[in-house]
Amino acid sequence: MSSEFNQVNKLKKTPRQNEDFNGLSYATEKVIKSSRVKVLPNDGKFIEPKYIERLIKISRVTKVTKGGKKLSFRAVVVIGDENGKVGVGVGKAEDVVNAFKKAKTNGRKNLIQIPLTKSLTIPHPIIGDVGACKIILKPGVEGSGVMAGGAVRTVLEVAGIKNIIAKQLGSDNLLNNARATIVALESLITQSEVDRRLNLEK
């Protein structure tokens with residue numbers, strides 16, 4: 001991380017060209033975005049985005065080998081910023097702590113950005129399928145809250161959705177339900193995106 005900050009400082013000393021990001025050059029903007037840091041508009045300080053982690057389940061997994069049984073732990077974690085970013089991660093290790101760390105790292109790799117309306121709900125109804133799990137999501141009016149349970153509720157809360165109605169059908173598997181919710185949220189589309197696609201087709 002320090003080498004990336006040094007690179008940013010070097011770029012600041014060069015003449016400014018193509019300024020379009022808070023007075024920083026375009027090359028500096030690319031370095032900032034690639035290093036996963038945010039620029040505050042007031043004082044220009046660099047901070048890392050804060051993510052919320054929620055543990056869904058920790059289970060013991062046994063693998064039968066030639067020498068006997070090998071015991072390990074599997075952790076399922078939901079990670080997000082409560083502002084439209086969310087991801088589900090899975091990690092396996094011989095102890096719980098390392099399994100949780102691996103799940104967090106895996107969740108950061110699988111982060112997705114979802115569109116939210118002014119009332120902090122989804123723009124339209126959507127269905128997500130993973131295996132035998134089926135999740136139905138519908139927008140909720142302001143003040144209705146998150147009407148969901150289990151892993152689905154955890155994913156929606158971490159994503160920053162405050163008003164939504166969800167229904168779980170099929171399997172009760174927590175991991176598949178969480179992944180089905182991610183599939184549904186990833187398929188959401190805004191009105192502006194629909195208009196853009198229609199114009200391209202014409």
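Note that this is a predicted model, so its numbers are computed, not measured.

**A few points about the sheet that holds strand β4 (residues 68-80)**
Read from one edge of the open sheet, four strands run β3-β4-β5-β6, paired in antiparallel fashion. Edge strands, defined here as strands with exactly one partner in the open sheet, are β3 (52-65) and β6 (112-113). Two strands pair when backbone bridges link them, and β4 and strand β5 (residues 85-93) are joined in this way by eight bridges, in the antiparallel orientation. Looking at β5, one finds that Phe-73 is bridged to Ala-93. Against the sheet, helix α5 (residues 174-186) touches β3, β4, β5 and β6, its axis set at about 150° to β5.

**Quick look at unusual backbone geometry**
For Glu-82, which is not glycine, the phi dihedral falls at a positive 60°. Within the secondary structure, Glu-82 is located in the loop between β4 and β5.

The rules behind the values
- Residues numbered from 1 in each chain as written.
- Predicted model: local features only at pLDDT ≥ 70, side-chain atom pairs only at ≥ 80, totals over all residues.
- Heavy atoms only, no water.
- Pairing = 2+ DSSP bridges.
- Helix = DSSP H or I, 4+ residues; strand = E, 2+ residues; numbered from the N terminus.
- Contact = heavy atoms within 4.5 Å.
- Axes fitted to C-alpha atoms, helices over the stretch in contact; angles between N-to-C directions.

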